Amino acid sequence: MELTRDLGENRMGGYGSGRVGERELITNLRFLDVRWMNKHGLLKNKGVKTINWSRNGKPWGKMEILVEADNIHLIYKESRNDGPWEDKDVEIKLQKTPCRYGGFQYWFECPVCRHRVCSVYLSDTWCCRHCGHLAYPSENEDELERLRSKALKLKEKLGSEYWIKPKGMHQKTYDRLRETLLEAEVKADEAFDEKVKRLNQRIMSFGKNNP
Ligand SMILES: [Zn+2]
């Protein structure tokens, strides 16, 4: 079984660093999402599966995944800073929790903190986003602004009643614009939530230090 996972455009490229302060952006890393793997039947049968990574539509490495009952092994070659190629075999444990409506949900166990997580990222090592101190692009103010202005422009295009197709616009065009608008709005909301959460954390730790 072989699948290709496109990680999309490296959108942050335009902003230069690909980092938020000291923190690496998750969008610059290869990652595995347990829900994506399960959805595509990768966890169904034991054995070796292949994942090809791509970025901007171009190949961006590949890895074999040996699926066992309670874990997966990530098998690939890695070269860091143009150094020699090293063979890697990384074990990620799987956990299962029952779903409310029957069946069960898979989780990865982060190899570092051992918490149940949906995604593991290849940073310095394979780990969850907390252990890797990874940042979402939305933690970047520029990104939030970009999403907001994107949503605004799309709304202008679609008119004030953007939930109704403007006269004369092709259904396909309308569907595409609406889809993009919804996506931009959801992402902008998420970015905003993150911002509020960080502000709250700051306020809480401020309170803690100043009784
Ligand atoms: Zn972790």
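It should be noted that the structure appears before, not after, this text.
Residues numbered from 1 in each chain as written. Predicted model: local features only at pLDDT ≥ 70, side-chain atom pairs only at ≥ 80, totals over all residues.

Enquirer: Could you give an account of the nonpolar core, with specific residues and numbers?
Expert: The biggest cluster of nonpolar side chains holds 17 residues, and the ones touching the most others in it are Cys 110, Val 120, Tyr 121, Cys 127 and Cys 128. Broken down by secondary-structure element, the contributors of at least two residues to this core are strand S4 (31–33), helix H1 (34–39), strand S11 (119–122) and strand S12 (126–127). Among the elements that line this core, the one with the most residues is S11, at 3 residues. Leaving out residues up to four positions away in the same chain, Cys 110 has contacts with His 115, Val 117, Val 120, Cys 127, Cys 128 and Cys 131. Grouped together as the second largest cluster of nonpolar side chains are 6 residues, Leu 147, Ala 151, Ala 188 and Ala 191 included. (Core = buried A, V, L, I, M, F, W, Y, C linked by C-beta atoms within 7 Å. Buried ≥ 20, exposed ≤ 12 C-beta atoms within 10 Å, placed from the backbone. Helix = DSSP H or I, 4+ residues; strand = E, 2+ residues; numbered from the N terminus. Contact = placed C-beta atoms within 7 Å.)

Enquirer: With reference to specific residues and values, describe the pairing of strand S9 (residues 104–109).
Expert: The sheet contact formed by strand S8 (residues 86–98) and S9 spans 6 bridges and is antiparallel. Paired with Pro 98 across the two strands is Phe 104, which belongs to S9. Where S8 folds back onto S9 in an antiparallel hairpin, the turn is made up of 5 residues, including Gly 102, whose phi is positive at roughly 90 degrees. Inspection of the sheet shows S9 paired to strand S10 (residues 116–117) by 2 bridges, in the antiparallel sense. Counterpart to Phe 108 in the pairing with S10 is Val 117. A loop of 6 residues connects S9 with S10, the two strands running antiparallel in sequence, and Arg 114 in this loop sits at a positive phi of about 70 degrees. (Pairing = 2+ DSSP bridges.)

Enquirer: Before we move on, could you go through the pairing of S8 and cite the residues and values that matter?
Expert: Pairing of strand S7 (residues 71–78) with S8, which is carried by 8 bridges, proceeds in the antiparallel orientation. Paired with Leu 74 across the bridge in S8 is Val 90.

Nothing here speaks to function; it is geometry throughout.
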